[in-house]
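# Analysis of the macromolecular model
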Amino acid sequence: MAQLHDLTALEAAAAIRRREVSPSELVAHYLDRIARLDSRIGAFVEVTDAAAREQARQAEAELLSGAQLPPLHGVPTAIKDLNLTAGVPTRFGSAAYRDWVPEIDDHVVTLLRRAGTISLGKTATPEFGLPCYTETDIGPPARTPWDTGRLAGGSSGGAAAAVAAGFVPIAQGSDGGGSIRIPASVTGLYGIKPSRGRVSRGPLDADSSGLSVLGPLARTVRDAAAFLDATARPQPGDPYWAPPLPAGETFLQWCDRPPSRLRIGRYLQPPVPGAEVDQECRTAWEFASVLLESLGHQVEDIAMPLPAAVIPAFETVWAVSAASAPVPAGQQDRLRPLTRHLRERGARVSGPEYAAAVGMLNLISRQAVVATAGYDAVLTPTLALTPRPIGWFCGTASDPVDPAEDFERQKRFTPYTAVYNASGQPAASLPLHWSADGLPVGVMLVGRPAGEAALLALSAQLEAAAPWADRHPALWQA
């Protein structure tokens, strides 16, 4: 290996077991990269240097004791700033929470720790995870390492930037409207949105919509599968439960099962009326189609399976979610313009109107699942546009974009992703194309309901046919 950060998460875990590298060496290497380079990227809002080094020392002691080790023992990771971390500032990307420190962990944080990972800190997210880009009032923009004048997407923008820049081998994200798949596309990573109920959002999750789920951003499909094996453990009180794998099976094992001939539906028409698809995104979609056919799969054009009514229904639910986010007393003036706009919009929605919007999403989702039930997966572009320049959505302090226009730009940028949060299906972004000017462009594969295992198997087959894990931005060598 040339550098420690060339190791994937699973390779790092294996090297630790073979005692070729220690957890302390790995943690020190990544912390050094963060200290030297993150001022260019904006991936982290909080670095837990001392705690990470102490956990690494404990991991070494456990290694030397001969105790049975968890699967990702000693592997560095990072937690999104939307997720609670006991004793570590959790700001939800908002100046309104600048000084808040929770006393408990989210279940996903606990499960990742039990799997042996060592968190190096909290990654940047936009305010309350609402927009699809990561620009905040508490830190610099999260930038894609492929072009630091462009955004890393959102809302898991910091997590994706951290993995793509070689600051951690894998990171935790969340996805309520595309927030794992969007940054995966613009940073050249594999990101999978699991099925609703696959990973617990407890213990304090108050989301009534069921749109948001937790999942990984990774360089390889196998690393993403290992993340799900560590975290896909339903917790008492969870409102949604995805069917577990059969006893003795793991998501990682499915990555080694080449799928038989599959029937893949594909469509290009964006669910958002008026959205236009950039030629690079079309090229990525066409390349993926040809690649799937070369692997023996049957690829068929299908009609876009969603009526136009899905978009206003989703917008209503999203605005109410923004309005329901708790804001400390006296801190409302510290919210960003887009957040205030969405909260005001959500506050105008009546109870019956909200119930009707949720019901409409449920109805449309059922119809879409039925319409594509004859297909093993559905292929679309992940995004309609290539990575956007900093300020493209919200403008600058001296020349701000109206929040309503900001939201419309987001819809045109990512018209495909949110509808599968409504349906609850697993969906992944795969980095199969780079533009003429060197920017990553992802494609999205949507699986059957609760079908992560088959989706991972297909993703792993595509990765083997068109490898991407060793393709890095120039910053990788710094």
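Residues numbered from 1 in each chain as written. Predicted model: local features only at pLDDT ≥ 70, side-chain atom pairs only at ≥ 80, totals over all residues. Heavy atoms only, no water.

Compared with an ideal rise of 1.5 Å per residue, which puts 14 residues at 20 Å, helix H15 (residues 452-465) spans 20 Å between its outermost C-alpha atoms and is within 8% of the ideal. Burial within H15 is extensive, with 11 of its 14 residues counted as buried. Turning to H15, its buried residues number three or more, namely Glu452, Ala453, Leu455, Leu456, Ala457, Leu458, Ser459, Ala460, Gln461, Leu462 and Glu463. (Helix = DSSP H or I, 4+ residues; strand = E, 2+ residues; numbered from the N terminus. Expected span 1.5 Å × (residues − 1). Buried < 20%, exposed > 50% of the residue type's maximum accessible area, 1.4 Å probe, protein only.)

Here the bond from Gly154 into Ser155 is cis, since omega is 10 degrees, no more than 30 degrees from zero. One can find Ser155 in the loop between strand E3 (118-123) and helix H5 (157-164). Residue Pro203 is bonded to the preceding Gly202 through a cis peptide linkage, with omega at 10 degrees. With respect to the helices and strands, the residue Pro203 is situated in the loop between strand E5 (190-193) and strand E6 (213-218). The residue Arg19 is not glycine, and still its phi comes out positive at about 60 degrees. Position of Arg19 relative to the elements: it lies in the loop between helix H1 (9-17) and helix H2 (23-41). One non-glycine residue, Phe128, lies in positive phi territory at about 60 degrees. By the element assignment, Phe128 lies in the loop between E3 and H5. Look at Phe128 and you get buried, because its relative accessible area is 15%.

If you look at soluble globular proteins, the nonpolar side chains tend to sit buried side by side. Core analysis: the biggest nonpolar cluster contains 146 residues, and Phe44, Leu120, Phe167, Tyr190, Leu306, Leu430 and Leu456 have the highest contact counts within it. In terms of residue count, helix H10 (residues 310-324) provides more of this core than any other element does, 8 residues in total. Excluding residues within four positions of it along the chain, Leu306 makes contact with Tyr267, Pro271, Ile364, Ala368, Val419 and Tyr420. (Core = buried A, V, L, I, M, F, W, Y, C linked by side-chain atoms within 4.5 Å. Contact = heavy atoms within 4.5 Å.)

Moving on: the sheet that holds strand E1 (residues 44-47). Taken together, 3 strands build an open sheet; the order of strands is E1-E3-E2 and the sheet is mixed. Edge positions in the open sheet fall to E1 and strand E2 (76-80), since each of these has one partner strand only. Across the sheet, the mean angle from the axis of one strand to that of its neighbour is 35 degrees, orientation sign disregarded. Pairing analysis gives 3 bridges linking E1 to E3, with the strands arranged antiparallel. Bridged to Glu46 within E3 is Lys122. Along the sheet, H2 contacts E1, E2 and E3; its crossing angle with E3, the most-contacted strand, is approximately 20 degrees. (Pairing = 2+ DSSP bridges. Axes fitted to C-alpha atoms, helices over the stretch in contact; angles between N-to-C directions.)

Across all of its chains, the model carries 0 disulfides by this definition. Free cysteine: Cys132, not disulfide-bonded; nearest cysteine sulfur from Cys394 at 11 Å. Residue Cys132 is classed as buried on the basis of its relative accessible area of 6%. With no disulfide of its own, Cys281 has Cys132 as its nearest cysteine by sulfur position, at a separation of 13 Å. (Disulfide = S-S within 2.5 Å.)

The next subject is the pairing of strand E10 (residues 427-434). Most of E10 sits inside the fold, with 8 of its 8 residues counted as buried. Sheet topology note: the E5/E10 ladder contains 3 bridges and is antiparallel. Across the sheet, residue Gly191 finds its bridge partner in E10, namely Ser429. By the bridge criterion, 6 bridges tie E10 to strand E11 (residues 440-447) in an arrangement that is antiparallel. Across the sheet, Ala428 pairs through a bridge with Leu445, a residue of E11. Taking the residues that link successive antiparallel strands as the turn, the E10-E11 hairpin has 5 residues, and the phi of Gly438 there is positive, at about 85 degrees.

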